[in-house]
Amino acid sequence: MRRIPELDRHNPLSFFEKLGDHEKYPAFAACDDGIIVAWNPKESLETAEDHTFDALRIFAERHGLLISSKNERDDRGCILGAISYDACLEKIGISSRHSSRQKTGGIFHYYPSYMLWKGGEAWFIGDTAMTDEIKNIAERVYEQHEAIPMDWVCDTSFREYRSMFDAVQKHIVDGNYYQLNLTVRFCSETRAKPRKLLQQFLQNYHAQRALYIEGMNQAIISLSPETFFILREGKIMTQPIKGTRPRSSDALIDERERASLETNEKERAELSMITDLLRNDLSIVSQPGSVIVEDSGTIIETPSVWHRASRISGSIRPGMNRIDVLSSLIPGGSITGCPKRSAMEGIERLETSSRGFFTGCGIILTPASMEASILIRTIEYVDGQCTLGIGGGIVY
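Residues numbered from 1 in each chain as written. Predicted model: local features only at pLDDT ≥ 70, side-chain atom pairs only at ≥ 80, totals over all residues. Heavy atoms only, no water.

Chemist: Before we go on, may I ask you to explain the overall build of the chain in this structure?
Modeler: Counting secondary structure elements, the chain contains 10 helices and 22 strands. Whereas a compact globule of 396 residues would reach a radius of gyration of roughly 21 Å, the chain reaches 21 Å, a difference of no more than 12%. Referenced to the eigenvectors of the C-alpha coordinate spread, the extents of the chain come out at roughly 65 × 50 × 45 Å. Across the 396 residues in the chain, those meeting the buried criterion constitute 56%. Within the chain, contacts between residues separated by at least 24 positions form 75% of all contacts whose residues are at least 6 apart in sequence. Carbon and sulfur atoms provide 49% of the accessible area of the chain, an area that totals close to 17400 Å². Taking the average location of the 46 positive side-chain charges in the chain and that of its 54 negative ones, the two points are 2 Å from each other. (Helix = DSSP H or I, 4+ residues; strand = E, 2+ residues; numbered from the N terminus. Rg over C-alpha atoms; globule rule 2.2 N^0.38 Å. Buried < 20%, exposed > 50% of the residue type's maximum accessible area, 1.4 Å probe, protein only. Contact = heavy atoms within 4.5 Å. Areas by Shrake-Rupley, 256 points an atom, 1.4 Å probe, with all protein chains shown as cover. Lys, Arg positive; Asp, Glu negative; His and termini not counted. Charge placed at Lys NZ, Arg CZ, Asp CG, Glu CD.)

Chemist: It is not clear to me how the packing of helix α8 (residues 265-285) against helix α9 (residues 322-329) should be interpreted in this structure. Could you clarify?
Modeler: The description of two helices packed together rests on the angle between their axes and the distance between the axes. Packing of α8 against α9 leaves a shortest axis separation of 9 Å and a crossing angle of 145 degrees. Seen along the crossing, α8 lies across α9 with a hand that is right-handed. Two secondary-structure elements touch here, α8 through Asp 281, Leu 282, Ile 284 and Val 285 and α9 through Val 325, Ser 328 and Leu 329. Residue composition of the contact of α8 with α9, by class: five nonpolar, one polar and one charged. (Axes fitted to C-alpha atoms, helices over the stretch in contact; angles between N-to-C directions. Left-handed = near helix turned anticlockwise from the far one by under 90°. Nonpolar A, V, L, I, M, F, W, Y, C, P; charged D, E, K, R; others polar.)

Chemist: Just to check I follow, could you spell out the side chain of Thr 52 for this structure?
Modeler: Within the secondary structure layout, Thr 52 lies in helix α2 (residues 52-62). Owing to a relative accessible area of 1%, Thr 52 belongs among the buried residues under this scheme. A polar side-chain atom of Thr 52 sits 2.8 Å from the main-chain carbonyl oxygen of Ala 48. Aside from chain neighbours lying at most four places away, what touches Thr 52 is Thr 47, Ile 83, Ala 87, Gly 105, Gly 106 and Phe 108. (Polar contact = N/O pair within 3.5 Å; in protein donor to acceptor, adjacent residues only side chain to side chain.)

Chemist: Would you mind going over the pattern of salt bridges with me for this structure?
Modeler: A side chain with one charge can pair with a side chain of the opposite charge if their charged atoms come near. Applying the stated criterion across every chain yields a total of 30 salt bridges. Note that Glu 371 is salt-bridged to Arg 232, the shortest N-O span being 3.9 Å. Highlighted residues: Glu 371 in strand β20 (residues 369-374) and Arg 232 in strand β13 (residues 227-232), separated in sequence by 139 residues. With relative accessibility at 3%, the residue Glu 371 sits in the buried group. (Salt bridge = Lys/Arg side-chain N within 4 Å of Asp/Glu carboxyl O.)

Chemist: Any chance you could explain the packing of α2 against α9 here in plain terms?
Modeler: For the pair α2 and α9, interaxial distance at closest approach is 9 Å and the crossing angle is 160 degrees. Here α9 runs roughly antiparallel to α2, going by the angle between their axes. Here α2 and α9 pass one another in a crossing that is right-handed. Residue-level inspection shows Phe 53, Leu 56 and Arg 57 of α2 in contact with α9, the latter providing Ile 323, Asp 324, Leu 326 and Ser 327. Among the residues forming the contact of α2 with α9, the class breakdown is four nonpolar, one polar and two charged. (Parallel < 35°, antiparallel > 145°, perpendicular 65-115°, else oblique.)

Chemist: Got a minute to help me understand the nonpolar core in this structure?
Modeler: Taken as a class, soluble globular proteins show a tendency for nonpolar side chains to be buried jointly. In this structure, Ile 83, Phe 229, Ile 236, Leu 326 and Ile 363 are the most contacted members of the largest nonpolar core, which totals 56 residues. The leading source of residues in this core is α8, at six residues. Core analysis: the next-biggest nonpolar cluster, separate from the first, contains 37 residues, Ile 4, Ala 207, Ala 219 and Val 305 among them. (Core = buried A, V, L, I, M, F, W, Y, C linked by side-chain atoms within 4.5 Å.)

Chemist: Before we go on, may I ask you to explain unusual backbone geometry in this structure?
Modeler: Negative phi characterises most residues that are not glycine, and trans characterises most peptide bonds. Here the residue pair Ile 330 and Pro 331 is connected by a cis peptide bond, since its omega of -15 degrees sits within 30 degrees of zero. A cis amide bond links Cys 338 to the next residue, Pro 339, at an omega of -5 degrees. The phi dihedral of Tyr 25 is positive, around 45 degrees, even though this residue is not glycine. Mapped onto the elements, Tyr 25 comes out in the loop between α1 (12-17) and β2 (27-30). Positive phi is not limited to glycine here, since Asp 383 has a value of about 50 degrees.

Chemist: Could you clarify how one ought to interpret the state of the cysteines in this entry?
Modeler: Any covalent bond linking the sulfur atoms of two cysteines counts as a disulfide. Taken as a whole and judged by the stated rule, the model has zero disulfides. The cysteine Cys 78 is free of any disulfide, with Cys 31 supplying the nearest cysteine sulfur at 9.0 Å. Judged by its relative accessible area of 0%, Cys 78 is buried. Free cysteine Cys 338: the closest other cysteine sulfur is in Cys 88, separated by 18 Å. (Disulfide = S-S within 2.5 Å.)

Chemist: I'm lost on helix α5 (residues 158-173) in this one. Help?
Modeler: Along an α-helix, residues three or four positions apart point the same way, because every turn accommodates 3.6 residues. The terminal C-alpha atoms of α5, which comprises 16 residues, lie 23 Å apart, in line with the 22 Å expected from a rise of 1.5 Å per residue. Among the residues making up α5, those that are buried are Met 164, Val 168, Gln 169 and Ile 172. Seen along its axis, α5 keeps its buried residues to an arc of 135 degrees; they face one direction. Exposed residues pointing more than 90 degrees away from the buried face of α5 are listed as Arg 159, Lys 170 and Val 173. Residues of α5 that are buried sit in contact with β10 (179-189), α10 (340-350) and β22 (385-394). (Expected span 1.5 Å × (residues − 1). Arc of directions from axis to C-beta.)

Chemist: Looking at this model, I keep getting lost on helix α3 (residues 85-92). Mind explaining?
Modeler: Along α3, the residues classified as buried are Tyr 85, Asp 86, Ala 87, Cys 88 and Leu 89. On its buried side, α3 packs onto α2, β5 (78-83), β6 (104-111) and α10.

Chemist: In this structure, what is going on with the environment of Ile 364? I would like to understand it.
Modeler: Counting through the fold element by element, Ile 364 comes out in strand β19 (residues 361-365). In this structure, the C-alpha to C-alpha distance between Ile 364 and Ile 230, residues 134 residues apart in sequence, is 9.5 Å. In contact with Ile 364, other than residues within four places in its own chain, are Ala 29, Ala 30, Cys 31, Ile 36, Ile 79, Leu 80, Ser 369, Met 370 and Glu 371.

The structure is reproduced here in structure tokens:
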């Protein structure tokens, strides 16, 4: 691990944009420690939906990242990747009636070296012989590009959505769910390279858990604000979000939006319900009596929106590795509903198309920690075809 002071003030996104076609499978990931930029993986893995977690377990073990290291200066590199919601369905044992766009369950890359910007400092993890290459990349001329137009078309008609919405509320009245997250897909075409889309969107939107991953003929561009979980030193933490309000340049309007979120009974009740669901989920992988709700609901400020989120933590059971934990918790309860399995079965019956990677999870494995994000506000790019999932929780 080597500090590169010359890059301290270098924008990580600008550095990412300077990567050329000969820097294969570039990745960008915002994590708890800072921002990771990586390229030229030593090994890549794409999985089918029905064996994603077994394949990922073997992949992580092969690169020494299946369990945490206690050495803070361990430089074994990192695994960055994304797991589809459809792979989560398969793991849970729910059959899908939809044909997914790619049948890809997961995309993963092992990077033996990468850049990390944290606390205003630039660090390089890996082979120090690459330092000159990194400085050369930083010195490249950054080419501005025009805004990329996107014309989005929904795959679900208003009549279809209204029918689904009414069906969900009837099921809630009948006692089948407390809440269900109902989503639709918007589609668009572009000739732009997918990494250009990341730059365009991040310029206009702050994403605490941004992630960009490329596969053989697809890319995942996620502007997620939501932490699925962080696993570090035997401790696990999850932070579900329920409730969002827009920011305003007018201070009075901005405060009004924040207060509206803070006092809204529906948002408060929905967050309490999902907090309880995730408290129960964490108990599956945590030592008895260790799961606690650290914060039942706090307003989180970002440059573009207000969020309401809670925080739950626990101590991992002895003998569980990172992929054991991941496969026990997927998918995140905040994007399914409550009870989780019943909501997932309802989603499968009601929604008109496969979710693909939308509402799956992004993952970052380093020697010290594992982080997972919820893939919301996420575009799935396949050969110029872009799919964007949008939805929300339905209650009654």
